[in-house]
Amino acid sequence: MSRVPRSAWAIKQLLREDLRGRTAYGAPQLDVPVALNTNENSYAVPAAVVDEIVAAIATVAPGLNRYPDREFTDLRGDLAAYLSRSGTSVSPEQVWAGNGSNEVLLHLLQAFGGQGRTALGFTPAYSMHPIIAATTGTSWADGLRGVGVHSTSGGGAFDLSVESAVAQAEQLDPHLVFLCSPNNPTGTALTLDVVTAVHDAAPHAVIVVDEAYAEFARPGTPSALTLLEGRPRLVVTRTMSKAFAFAGGRLGYLAADPELVDALRLVRMPYHLSSPAQAIARATLRHADTMLGTVDVIKEQRDRLVAELATLGLDPVPSDANFVLFGGLRDSHVTWQALLDRGVLVRDVGIAHYLRVTAGTPEETTAFLDAMAALPQDHLSPEHLEGQS
Ligand code: PMP
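Residues numbered from 1 in each chain as written. Predicted model: local features only at pLDDT ≥ 70, side-chain atom pairs only at ≥ 80, totals over all residues. Heavy atoms only, no water.

Chemist: Would you mind going over the environment of Ala367 with me for this structure?
Modeler: Relative to the helices and strands, Ala367 resides in helix H13 (residues 362-374). Distance from Ala367 to Ser274, taken between C-alpha atoms, is 38 Å for residues 93 residues apart in sequence. (Helix = DSSP H or I, 4+ residues; strand = E, 2+ residues; numbered from the N terminus.)

In structure tokens:
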């Protein structure tokens, strides 16, 4: 008789070899007064939209005995209309959606990655890109961000230069390339010449531009949506989790060539978007202007963070997103803990001497800046302490 393995030790032996020893995504979910660690929108959904969401659920509830529209036809239309507001016309056939853009990224890796295939990203970037790649058995190539002047920030240590990105793409000839703009965790957006250059330098790859934070970009920052025409290998992913204040609703989407979108139907689970999920996303999209009403105040807080962190002797990276990465710390983890002890949760993104903070309400921003200002001077790295004197 075969023995049923019961211990954790036995489970480890059953796990796929390539997953053994890996750690799961795990941004802390702590009950703290000021939570600025996952780049959510701090503002609650306005009451008028809440009413519409409740009404939308009431409308679909009697039909929950049936499966939802597998092709989420109406939602696709609404998302296409929302994207087209920016001036680039996007048709419903060009749109795909999932439970958060993480699921959309998963579909892309399931369809175009997999065993024996390689995805290239430029670190530091969104930490889930390599994790999702791993779940699909896709090899991950950790490309580097070179110093250059090709971001809208005007240059900096985390910028990705055309030359560096092209050289890495040409050398690897990957099956997928992930570009993140505005980039998490560094905050800066790419100029479009990086996207077109990488697209041309990786002729066998699907090029994914993750624009989760696009709505927060500084004026004049172009979207890769404008590049879709004539580039059937290019994909732009977006989410309702950030500017749209809908992280709990779990709705992410992408725009690409209809043929590429059609291929994603091969890998998604049937009926992956529930009827309530489709209905509440549509109700929220009907109030797009209201939902996006907090973007300007959040951008103000972001710019305030950059200005005031510099005044405190730190090195904030200019940002096109709803968060700011800042350096100049002696020990990121020690400062992270000291802030948490004062009720402020920020993100340790694993870059030595740096932390990332989300731009929240003015009150939350003040609480964070006050906590930073109250820290003993020795939280600054020795070089930054010298700069203070
Ligand atoms: N892309 C980037 C760059 C992100 O920062 C995030 C969330 N932190 C996502 C995608 C995924 O967000 P969601 O699944 O909520 O759409």
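Chemist: How should I be thinking about the domain arrangement of the chain in this particular structure?
Modeler: The figure often quoted for interface size is the accessible area lost as the parts come together. When cut into domains, the chain gives domain 1 (23-45 + 293-388) and domain 2 (47-286). The C-alpha centroid of domain 2 is placed 26 Å from the C-alpha centroid of domain 1. Contacts between the two partners involve 23 residues from domain 1, matched on the other side by 30 residues from domain 2. Between domain 1 and domain 2, roughly 2100 Å² of surface is buried when both sides are summed, and carbon and sulfur atoms account for 62% of that area. Broken down residue by residue, the surface that domain 1 buries against domain 2 is led by Tyr25, Val45 and Asp320, which jointly contribute 33%. Scanning the region where domain 1 abuts domain 2 turns up one salt bridge. Notably, a salt bridge pairs Asp320 with Arg218, separated by 2.9 Å at the nearest N-O pair. If you look at where domain 1 meets domain 2, you find 10 residue pairs in polar contact (both at pLDDT 80 or more). (Domains from an automatic or database assignment. Contact = heavy atoms within 4.5 Å. Buried area = accessible area lost by both parts, 1.4 Å probe. Salt bridge = Lys/Arg side-chain N within 4 Å of Asp/Glu carboxyl O. Polar contact = N/O pair within 3.5 Å; in protein donor to acceptor, adjacent residues only side chain to side chain.)

Chemist: Explain the packing of aromatic side chains here, please?
Modeler: Working definition: an aromatic ring pair is given by the centre-to-centre distance plus the angle between the planes. Under the definition given, this model contains seven aromatic pairs. Between Trp140 and Phe178, the aromatic rings sit 5.8 Å apart at their centres with planes inclined by 40°, giving tilted as the arrangement. With a gap of 38 residues between them, Trp140 in strand E4 (residues 139-144) and Phe178 in strand E5 (residues 176-180) connect regions that are remote in the sequence. Taking the relative accessible area as the measure of exposure, Phe178 reaches 3% and is therefore buried. On the numbers, 5.0 Å between centres and 80° between planes, the contact of Tyr213 with Phe323 is edge-to-face. Of the two residues, Tyr213 is situated in the loop between strand E6 (206-210) and strand E7 (234-239) and Phe323 in strand E10 (residues 323-327); the sequence distance between them amounts to 110 residues. This pair shows no difference in class: Tyr213 is buried, exactly as Phe323 is. Across from the ring centre of Phe72, 4.8 Å away, lies the NZ or CZ of Arg76, which sits over that ring. Across the ring face of Phe323, the terminal group of Arg356 is positioned such that the distance to the ring centre comes to 5.4 Å. (Phe/Tyr/Trp six-rings, centres within 6.5 Å; stacked < 30°, edge-to-face > 60°. Buried < 20%, exposed > 50% of the residue type's maximum accessible area, 1.4 Å probe, protein only. Lys NZ or Arg CZ within 6 Å of the ring centre and 35° of its normal.)

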